[in-house]
2 protein chains.
Amino acid sequence: MPFSTSFVPEIRFGENLHETIGAAAKAFGGKTAALVIDGFLAQSGLAERVVAQLTSEGVEARVFSDFSGEPKIAHVRKATDTVSGADVVIGIGGGSALDIAKIAACCAASGEDAMHYALAANPLPKNPLKKIMVPTTAGTGSETSATNIFAGPEGKKLWIWGAETKADLVLLDPTLTATLPATLTAWCGMDAFIHAFEAATNRNAHAGGKVYAHEALRLLTGALETAVKEPNNMEARGKVLLGSCCAGIAIDNCGTAVAHNISHAMAGLAPVHHGLATALGFEATLAWLVEADTADLNAAARACGLANAAALPGFVSALMDRCGIVRALPKSFEAVDAEALVAEMKAPENQPMRRSTIREIGDGDIARFAVSIMSLPKAA
Amino acid sequence: MPFSTSFVPEIRFGENLHETIGAAAKAFGGKTAALVIDGFLAQSGLAERVVAQLTSEGVEARVFSDFSGEPKIAHVRKATDTVSGADVVIGIGGGSALDIAKIAACCAASGEDAMHYALAANPLPKNPLKKIMVPTTAGTGSETSATNIFAGPEGKKLWIWGAETKADLVLLDPTLTATLPATLTAWCGMDAFIHAFEAATNRNAHAGGKVYAHEALRLLTGALETAVKEPNNMEARGKVLLGSCCAGIAIDNCGTAVAHNISHAMAGLAPVHHGLATALGFEATLAWLVEADTADLNAAARACGLANAAALPGFVSALMDRCGIVRALPKSFEAVDAEALVAEMKAPENQPMRRSTIREIGDGDIARFAVSIMSLPKAA
């Protein structure tokens, strides 16, 4: 089967690598570097430390950290203002910080607004600013992907996609993930696991993507539980961070499937953590999915150390148990019913993830999955 | 353990992908493309077909194919003359063609002679010409590596190393490898296998490189024998080609070890195919090597489907048997003795591969390995 894999940026991995961010920006020939960093991380002193590194390298530093939660167009625009005129953009944080940084690096290069590029309306600029991405959660894989999500002027989830948004350099520093609470470690880790699983088993799966997806499954299977239970276990944190990065490369090439159809649909209805929503959607559909019993499903199972695909549902539920994932929706879902979820799962923007799923998803399946999700307790 | 992995270029894989070379060159904004292609491939009509593609895309085409065997400085200089003034360089062939093309793309950009960059004497130009690499053998991994080998003015093997020499786009077309004779398929395939094995198990091995090395071992273990015995089996040819490409990424990041110390030493004494020499060096040292019994050696064994490292020597010898590899040296080695091989194995330029080996190689080991190699029949 023919395939193509997009370029993979240079990746550096190591404890305390965040101490080298200034030098890395300087090495790109940066005279001015703009930092896009999560607000709470900035407050922790990390932004100041990176600014000090940049200053000592003779690089002028700017900081944008005025955002939180899912990225909105207003955040992207303010970030672009800060970034404009810089040579290097440094994203530090979760998927939101990285997505904002990557988009701003393109918009600042062309002078165009992010909406100019949303939903592939126009081609991205060929020479965006240099981008250094430093994830502080292990889940989204934004550091190695070409997909960037933000909410448009009317609150609708939009995306900007293209190799031009990809990082030039990724710094993976497990010490930056050590303060992530157990719940977020588990939710983000399951998100990464499901990225790898769906990329390795959906209709777009191919040998090039599976190189990364299977390695991610091996790394996450072996280390996620330990990272949740022993937050300062740097070996486990490192494996989860590298696994998440590999999973990001896998979805960058092969995309996702039904679990992400459900989690994106849920996000359209009420606020919910993407990793939790995806894990719930995955568990609700996996027993149905593995009935397809494809070679890819069995290969993914073996990458998890299992004999075959039939063993996956039990394995995944047990892993979620051991990682302490409570099967419950946020209270905000009290006002939502299964019918609303069905409608979102059928919305045009969520159809690619329905179509890419290896089993055909009938309307009856959607109704059943929606009921299963919405019958969860509302308490998380 | 900290590590870094160099960028991986965009890779496209598929049968008959060579029909898209012209379009790919055009997509890079090329007005003039220079083809560096093995002489015998050019004579087969492939050069003409690619030139026709380029012409129909409105891209001016030039061809350099006046070389054969291991690349010499004269080849590199003539290639640079042809390439100068072009926007895109297209390398088609075995490792020699690709190495010449990659070096010429740098020299043509700066106007400097290749000797200016040999052995890292000077930094490479930051903006080399765009490079499209199309391997027609499955072994060297040059399409994804930053190492380029050629013989200097005095015949000494020299190298030019740097990310600037790496491809921007790799096209993997298994149909181009279908005419490779069984002997070369086996020799090149074992070279790739050993690249992956040494990268995954030497002192520089790391988690980032093992992603590629282990996948290469899995792919090559599963498909090499079939590719040798069924030359038109495109599935097997494809797996070997992708495995070789992954192995190239692995050595690009982690380098090689003792088998390559021996094969480079042999190359300094008399003409010998690099893949054969490496396979002979590997078989002569593997039983000794696996006594180290490291976690990496055992993980590499598992990637080959084996229980543990102790099973590797028997497995590799049986694989070489099934691939029809005759354990013999070229007749040109009749005038060479073990002492000469010892001296070459101890030569300064071969010490990095001695030092990177996971077991310390004593002088007694070197003497023993050299005797073992030189006692092979001279008949290949």
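Summary of the structure given here. (Residues numbered from 1 in each chain as written. Chains lettered and ligands numbered in written order. Predicted model: local features only at pLDDT ≥ 70, side-chain atom pairs only at ≥ 80, totals over all residues. Heavy atoms only, no water.)

## As for the pattern of salt bridges
Going through the model one piece at a time under the given rule, you end up with 36 salt bridges over all chains. The closest approach of N and O atoms between Lys-210 of chain B and Asp-296 of chain B, which form a salt bridge, is 2.6 Å. With Lys-210 of chain B in helix α7 (residues 207-229) and Asp-296 of chain B in helix α11 (residues 295-303), this pair connects stretches of sequence that are 86 residues apart. For Lys-210 of chain B, a relative accessible area of 18% gives the class buried. For Asp-363 of chain B, the salt bridge goes to Arg-354 of chain B, with nearest N and O atoms at 2.9 Å. Owing to a relative accessible area of 45%, Asp-363 of chain B belongs among the partly exposed residues under this scheme. Put simply, Glu-225, Lys-229 and Arg-322 of chain A are held in one network by salt bridges that share partners. (Salt bridge = Lys/Arg side-chain N within 4 Å of Asp/Glu carboxyl O. Helix = DSSP H or I, 4+ residues; strand = E, 2+ residues; numbered from the N terminus. Buried < 20%, exposed > 50% of the residue type's maximum accessible area, 1.4 Å probe, protein only.)

## Here we look at the relation of the copies chain A and chain B
Screw-axis analysis of chain A against chain B gives a translation of 0.0 Å along the axis, an RMSD of 0.0 Å, and a rotation angle of 180 degrees. These values place the two chain copies in the arrangement generated by a two-fold rotation axis. Of every C-alpha in chain A, the one belonging to Val-8 of chain A sits nearest the axis of rotation, 2.4 Å from it. Same-surface contact between copies: 100% of interface residues of chain A are shared with the interface of chain B. (Least-squares fit on C-alpha atoms with pLDDT ≥ 70 in both. Contact = heavy atoms within 4.5 Å.)

## With respect to the side chain of His-206 of chain A
Here His-206 of chain A lies in the loop between α6 (182-201) and α7 (207-229). Separated by 3.1 Å, the side chain of His-206 of chain A and the backbone nitrogen of Gly-208 of chain A make a polar contact. (Polar contact = N/O pair within 3.5 Å; in protein donor to acceptor, adjacent residues only side chain to side chain.)

## With respect to the interface of chain A and chain B
Between chain A and chain B, the contact holds 21 residues from the first and 21 residues from the second. For the pair chain A and chain B, the summed buried area comes to about 1700 Å², and 60% of that belongs to carbon and sulfur atoms. Interface area lost by chain A to chain B is led by Phe-3, Phe-13 and Val-211 of chain A, which between them contribute 29%. Here chain A and chain B share zero salt bridges between them. At the junction of chain A with chain B, the criterion picks out six residue pairs in polar contact (both at pLDDT 80 or more). Contributing elements (two or more residues each) for the side of chain A that touches chain B: β1 (3-5), β2 (10-13), α7 and α8 (234-254) of chain A. In terms of residue count, the dominant contributor to the side of chain A that touches chain B is α7 of chain A (five residues). Along the lines of polarity and charge, the residues of the side of chain A that touches chain B split into 13 nonpolar, four polar and four charged. (Buried area = accessible area lost by both parts, 1.4 Å probe. Nonpolar A, V, L, I, M, F, W, Y, C, P; charged D, E, K, R; others polar.)

## Quick look at helix α15 (residues 363-374) of chain A
Each α-helix turn comprises 3.6 residues. Residues three or four places apart therefore point the same way. Residue and element names in this part refer to chain A. End to end, α15 covers 16 Å across 12 residues, agreeing with the expected 16 Å (1.5 Å per residue, within 8%). All of the buried residues along α15 are Asp-365, Ile-366, Phe-369, Ala-370, Ile-373 and Met-374. Relative to the axis of α15, the buried residues are bounded by an arc of 155 degrees and lie together on one face. (Expected span 1.5 Å × (residues − 1). Arc of directions from axis to C-beta.)

## Side note on unusual backbone geometry
Residue and element names in this part refer to chain A. Despite not being glycine, Leu-119 has its phi angle at roughly 55 degrees, a positive value. Mapped onto the elements, Leu-119 comes out in the loop between α5 (95-110) and β6 (130-135). Taking relative accessible area as the criterion, Leu-119 reaches 44% and is therefore assigned partly exposed.

## Remarks on the sheet that holds β2 of chain A
Neighbouring strands of a sheet are bound in pairs by backbone hydrogen bonds; such pairs are parallel or else antiparallel. The seven strands lie next to each other as β4(A)-β3(A)-β5(A)-β6(A)-β9(A)-β2(A)-β1(B), forming an open sheet whose pairing is mixed. Lying at the two open borders of the sheet, with one neighbouring strand each, are β4 (60-64) of chain A together with β1 (3-5) of chain B. When strand polarity is set aside, the average angle formed by the axes of neighbouring strands in this sheet is 15 degrees. Relative to strand β5 (residues 88-93) of chain A, strand β3 (residues 32-37) of chain A runs parallel, the two sharing five bridges. From the neighbouring strand, Ala-33 of chain A faces β5 of chain A, where its bridge partner is Val-88 of chain A. Helix α3 (residues 46-56) of chain A contacts β3, β4 and β5 of chain A of the sheet and is inclined by roughly 170 degrees relative to β3 of chain A. (Pairing = 2+ DSSP bridges. Axes fitted to C-alpha atoms, helices over the stretch in contact; angles between N-to-C directions.)

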